[in-house]
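Structural characterization, general
Here is how the chains run, residue by residue.
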Amino acid sequence: MRLGVLDIGSNTVHLLLVDAHPGAQPIAYASHKRPLSLVKFLEDDGSINEKGQGELVDFVKEAWEFAGRHKAEDLLAFCTSAIREAANGDAVLARVQSEADVILQELTGREEAAMTFFAVRRWYGWGAGTLLDLDIGGGSFELAMGHDSLPAAATSVPLGAQRLTRDWLPEDPPTAKSIKDLRRYVRDTLKPVVKEFKDLGVPNLVAGTSKTFRSLARIAGAAPSGAGPYVRRVLTRTDLGLWAQRMSAMAASDRVHLPGVSEARARQLLAGALAAEAAMELFDIDELEICPWALREGLILRRLDQLVFEGPLEPPAHIGPIQSERQRAERMHPARSRV
């Protein structure tokens, strides 16, 4: 079957079409995406303004038409922290449904962390043992850990690279004081989370997902994306610390010349590096692996599992009923759940 996944993130809006069937690896067929930083359209009260809503609706319409043109049989549409935390998030979702005829499923931070972990587990398999996954997005930082298909612990903290840049690093290049203040804030936010996770023991493998980790690994010497997904890519704490220090003295216009750094993400990469560095220090991680699969793949694989078993596989209560929420939406609006 051809399955579409529409991802409304904090930095980009992205439709991925894959060809897949139960038991097989999903193969990318086509994608359609656009840089859209919804955080930049926030008003002082935390609501997404009219221009941001309009651009979002326009893209969702484009994505819907793209999926139909390429004969997608099913469409999963979801949004993460950019809309989840907006003051008018519910109104934005209602407008997308009304004007684009697409229901966006709002994932909680824990659901986002759990589905990303699910993809990482599938990529590395049972032989990887206990996994710890770190995922730094634009608006939030997801952490998940466990030894099963779904994590024993999953959480989300407001340490996304774009959010931290907006709130703590307004200057370009940033001042030494703003960097010091941000380092303190990140560590203070992560400490209680790390303490809870350490009760689960020591992970056998630590993975980094998201564009932030891929970019950081790339500038530290990892293979480019053109080398394919099966090349092992790692990020060491030593290299990360060196590059965080170097980028502290660089303007965004200089960072864009680093390998693997796009113009859209150049300014926020330092904040992402500081969040990643703090996490690796607090967890006492010397090295992590870059996993090519993340949230989109997790949702795809979860959907395929539904085709094998009767009914959805429910995650633990502390993660949240991802699939049952989707089923309720399908029952209410069956025509809108398929292309």
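Quick caveat, the model's predicted, so the values are computed rather than measured. (Residues numbered from 1 in each chain as written. Predicted model: local features only at pLDDT ≥ 70, side-chain atom pairs only at ≥ 80, totals over all residues. Heavy atoms only, no water.)

Quick notes on the overall build of the chain
Of regular secondary structure, the chain possesses 12 helices and 11 strands. Considering only C-alpha atoms, the chain reaches an extent of 55 × 50 × 35 Å along its principal axes. Considering the chain as a whole, with its 339 residues, one finds that 55% of them fall into the buried category. Intrachain contacts of the chain at a sequence separation of at least 6 include 70% that bridge at least 24 residues. Approximately 14700 Å² of the chain is accessible, and the part contributed by carbon and sulfur atoms is 51%. For the chain, the centre of its 41 positive side-chain charges and the centre of its 45 negative side-chain charges are spaced 3 Å apart. (Helix = DSSP H or I, 4+ residues; strand = E, 2+ residues; numbered from the N terminus. Buried < 20%, exposed > 50% of the residue type's maximum accessible area, 1.4 Å probe, protein only. Contact = heavy atoms within 4.5 Å. Areas by Shrake-Rupley, 256 points an atom, 1.4 Å probe, with all protein chains shown as cover. Lys, Arg positive; Asp, Glu negative; His and termini not counted. Charge placed at Lys NZ, Arg CZ, Asp CG, Glu CD.)

As for the sheet that holds strand 9 (residues 205–209)
If you trace the 6 strands from one edge of the open sheet to the other, you get 8-7-6-9-11-10, paired in mixed fashion. Here the strands that pair on one side only, and so sit at the sheet edges, are strand 8 (153–157) and strand 10 (234–236). On average, each strand axis in the sheet is inclined to that of its neighbour by 25 degrees, with strand direction left out of account. When strand 9 meets strand 11 (residues 287–290), the two strands line up parallel, connected through 2 bridges. (Pairing = 2+ DSSP bridges. Axes fitted to C-alpha atoms, helices over the stretch in contact; angles between N-to-C directions.)

A look at the pattern of salt bridges
Applying the stated rule across the entire model yields 18 salt bridges. Linking Asp19 and Arg2 is a salt bridge whose minimum nitrogen-to-oxygen distance equals 2.7 Å. Of this pair, Asp19 sits in strand 2 (residues 12–19) while Arg2 sits in strand 1 (residues 2–8); the two residues are 17 residues apart in sequence, bridging distant segments of the chain. Assessed through its relative accessible area of 28%, Asp19 is described here as partly exposed. In this structure, the salt-bridge partner of Glu287 is Arg232, at a minimum N-O distance of 3.2 Å. Here Arg232 lies in the loop between helix 7 (211–219) and strand 10 and Glu287 lies in strand 11, a separation of 55 residues in the sequence. (Salt bridge = Lys/Arg side-chain N within 4 Å of Asp/Glu carboxyl O.)

Quick look at the sheet that holds strand 3 (residues 27–35)
Ordered by their spatial adjacency, 5 strands build an open sheet running 3-2-1-4-5, and the pairing between neighbours is mixed. Of all strands in the sheet, those with a lone pairing partner are strand 3 and strand 5 (105–106), marking the two edges. Pairing of strand 2 with strand 3 involves 8 bridges; the strand directions are antiparallel. Looking at strand 3, one finds that Asp19 is bridged to Ile27.

Re the packing of helix 7 against helix 10 (residues 269–282)
Orientation of helix 7 relative to helix 10, taken along the N-to-C sense of each, is 90 degrees, at an axis distance of 10 Å. Compared by their axis directions, helix 7 and helix 10 come out roughly perpendicular. Of the residues in helix 10, those touching helix 7 at Thr212, Phe213, Ser215, Leu216 and Ile219 are Leu269, Gly272, Ala273 and Ala276. Residue composition of the contact of helix 7 with helix 10, by class: 6 nonpolar, 3 polar and no charged. (Parallel < 35°, antiparallel > 145°, perpendicular 65-115°, else oblique. Nonpolar A, V, L, I, M, F, W, Y, C, P; charged D, E, K, R; others polar.)

A look at empty space enclosed by the protein
Tallied over the entire structure, the rule returns 2 cavities of 30 Å³ or more. Lining of the second largest cavity is provided by Thr165, Leu169, Glu171, Asp172, Pro174, Arg255, Arg267 and Leu270. When the residues that make up the lining of the second largest cavity are grouped by side-chain class, the tally is 3 nonpolar, 1 polar and 4 charged. (1 Å grid on protein atoms, 1.4 Å probe; cavity = no way out; pocket = protein on both sides within 12 Å on 5 of 7 lines; lining within 4 Å. Points joined across faces, edges and corners; volume = space filled by probe spheres on them.)

Focus on the packing of helix 8 (residues 237–248) against helix 10
Packing of helix 8 against helix 10 leaves a shortest axis separation of 9 Å and a crossing angle of 145 degrees. For the pair helix 8 and helix 10, the sense of crossing is left-handed. Here Arg237, Leu240, Gly241, Ala244, Met247 and Ser248 of helix 8 lie close against helix 10, whose contacting residues are Leu269, Leu270, Ala273, Leu274, Ala276, Glu277, Met280 and Glu281. (Left-handed = near helix turned anticlockwise from the far one by under 90°.)

Considerations on the nonpolar core
Formed by 50 residues in total, the largest nonpolar core has its most connected members in Leu134, Phe141, Leu143, Leu190, Leu216 and Met247. A per-element tally of this core places helix 10 first, with 11 residues. In this structure, Leu190 is in contact with Phe141, Leu143, Val157, Leu159, Ala275, Ala278, Ala279 and Leu282, ignoring residues within four places of it in sequence. The next biggest cluster of nonpolar side chains, apart from the first, holds 30 residues, and it includes Val13, Val60, Ile83 and Val96. (Core = buried A, V, L, I, M, F, W, Y, C linked by side-chain atoms within 4.5 Å.)

With respect to the environment of Leu134
By the element assignment, Leu134 lies in strand 6 (residues 131–136). Measuring from C-alpha to C-alpha, the distance between Leu134 and Asn11 comes to 18 Å, with 123 residues separating the pair along the chain. When near neighbours in sequence (up to four residues on either side) are disregarded, Leu134 contacts Phe141, Glu142, Leu143, Val206, Ala207, Gly208, Thr209, Phe213, Ala279, Phe283, Ile285 and Leu288.

Side note on the confidence of the model for the chain
This prediction gives the chain a mean pLDDT of 89; 91% of its residues lie at or above 70. Low pLDDT, under 50, characterises residues 322–329; the stretch is placed with 22 contacts to residues that sit more than four places away or in other chains. (pLDDT = per-residue confidence, 0-100.)

Some points on the pairing of strand 1
Along any regular strand the residues' side chains alternate between the sheet's two faces. Taken across its 7 residues, strand 1 has 7 buried, putting it largely inside the fold. Every second residue of strand 1 is oriented toward a common face, with Arg2, Gly4, Leu6 and Ile8 on one face and Leu3, Val5 and Asp7 on the other, all of them buried. Where strand 1 lies against strand 2, 7 bridges are found, and the strand directions are antiparallel. The partner of Leu6 across the bridge, within strand 2, is Leu15. Relative to strand 4 (residues 74–79), strand 1 runs parallel, the two sharing 6 bridges. Paired with Gly4 across the bridge in strand 4 is Leu75.

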